[in-house]
Amino acid sequence: MTGRPAGRPLVPAYLSTGGVARPSRPRLERLTVLARDPAVPVPPGLPAAELAVLDALSGGALALVEVAAVLRLPVSAVRVLIAALLDKELLLARAPMASAAHYDPDLLKRVADGLRALKR
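All figures in this text were calculated on a predicted structure; none of them were measured in a lab.

What counts and what doesn't
- For every chain, the first residue of its written sequence is number 1, and the numbers climb from 1 along that sequence.
- A pLDDT threshold of at least 70 governs which residues receive local features in this predicted model, and a stricter bar of 80 or more applies before side-chain atom pairs are shown or counted, although totals over entire chains, interfaces and linings include all residues.
- Where side-chain values are given, they derive from all heavy atoms of the structure, hydrogens and water being excluded.
- Strands are runs of DSSP state E lasting at least 2 residues, helices are runs of H or I lasting at least 4, and numbering of each runs from the N terminus.
- What makes a salt bridge here is a side-chain nitrogen of Lys or Arg within 4 Å of a carboxyl oxygen of Asp or Glu, nothing more.
- Partly exposed describes any residue whose relative accessible area lies between the buried limit of under 20% and the exposed limit of over 50%, with all areas from a 1.4 Å probe on protein chains only and scaled to the type maximum.
- Axes here refer to lines fitted to C-alpha atoms; in helices the fit is confined to the stretch in contact. Angles between the N-to-C directions go from 0 to 180 degrees.
- Should an angle fall under 35 degrees it is called roughly parallel, over 145 degrees roughly antiparallel, and 65 to 115 degrees roughly perpendicular, with every other angle called oblique.
- Note on contacts: a residue pair qualifies if any of its non-hydrogen atoms lie within 4.5 Å across the two residues.
- In this count, Pro and Cys sit with the nonpolar residues alongside Ala, Val, Leu, Ile, Met, Phe, Trp and Tyr, while Asp, Glu, Lys and Arg are called charged and the others, Gly among them, polar.
- Here a polar contact is recorded for every N or O atom pair within 3.5 Å, except that within protein the pair must consist of a potential hydrogen donor and a potential acceptor, and residues adjacent in sequence are included only if both atoms are side-chain atoms.
- Only residues whose relative accessible area exceeds 30% and that form no salt bridge are eligible for patches; like-charged ones are grouped when within 9 Å, while nonpolar side chains (Val, Leu, Ile, Met, Phe, Trp, Tyr) are grouped when within 5 Å.
- Only the protein chains shown count as cover for residues, with accessible areas throughout obtained via the Shrake-Rupley method and a probe of 1.4 Å.
- By this definition, two strands are paired if DSSP reports at least two bridges between them.

A. View of the overall build of the protein. The helix and strand inventory of the protein stands at five helices and three strands. Element order for the protein, N to C, with α for helix and β for strand: α-β-α-β-α-α-β-α.

B. Inspection of the pattern of salt bridges at higher detail. Scanning the model with the defined rule gives four salt bridges in all. Across the pair lysine 109 and aspartate 113 runs a salt bridge, and its minimum N-O distance is 3.0 Å. Here aspartate 113 and lysine 109 lie together in helix α5 (residues 105-119), a separation of four residues that amounts to about one turn. Residue classification places aspartate 113 among the partly exposed positions, given a relative accessible area of 33%. Taking the shortest distance from any N to any O, the salt bridge between arginine 116 and aspartate 113 comes out at 2.9 Å. In this pair, arginine 116 and aspartate 113 are both assigned in helix α5, three residues apart and thus about one turn of the helix distant. Its relative accessible area of 48% is what places arginine 116 among the partly exposed residues. In the salt-bridge network here, residues are joined through shared partners; they are Lys109, Asp113 and Arg116.

C. Main features of the packing of helix α2 (residues 48-56) against helix α4 (residues 75-87). Close contact between α2 and α4 brings their axes to 10 Å; oriented N to C, the two are set at 80°. Considering the angle they form, α2 stands roughly perpendicular to α4. Contacts from Ala49, Glu50, Val53 and Leu54 of α2 reach α4 at Leu81, Ile82, Ala84 and Leu85. Considered class by class, the residues forming the contact of α2 with α4 number seven nonpolar, no polar and one charged.

D. Geometry of the side chain of threonine 32. Mapped onto the elements, threonine 32 comes out in the loop between α1 (13-16) and β1 (33-36). Assessed through its relative accessible area of 5%, threonine 32 is described here as buried. At 2.9 Å, the side chain of threonine 32 and the backbone nitrogen of glutamate 29 are in polar contact. Each residue touching threonine 32, except ones within four places of it in the same chain, is listed here: Leu62, Ala63, Leu64, Ala93, Arg94 and Pro96.

E. Fine view of a nonpolar patch on the surface. The grouping of Leu107, Val111, Leu115 and Leu118 at the surface amounts to a nonpolar patch, some 410 Å² of accessible area in total. With respect to the element layout, leucine 115 can be found in helix α5.

F. Spatial organisation of the sheet that holds strand β2 (residues 62-63). Sheet architecture is open: three strands sit in the order β2-β1-β3, paired in antiparallel fashion. Two strands lie at the open edges of the sheet, namely β2 and β3 (91-94), each paired on one side alone. Here β1 runs beside β2; their pairing, made up of two bridges, is antiparallel. Residue pairing across strands places valine 33 opposite alanine 63, the latter belonging to β2. The strands touched by α4 are β1 and β3; relative to β3, the strand with the most contacts, the crossing angle is about 115°.

Below you can see the structure in the form of structure tokens.
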């Protein structure tokens, strides 16, 4: 008898979502930052996969792809789980910051000027 291949989940991903294939919130991105809402108690009767998501977020905020990595599930399946938890208002979600918001052109100019001064 052969064992199951290493790293392959015992339960297929579509079963972890209860057979749901598409998230109710199509705008969830891979870098959406998720956190558990500490003010909302966990209701009884949640599916095991949703409880696993809440458990993964108990230590702090994670991106959607990080939750998928922790749970060892495809991002598409985790999107469905996250959308269900957001619909139940058990999670808080924030869109990823736009990359342009990170850069201050004046600061970059001063750094470049400083590097040129060091080169001389």
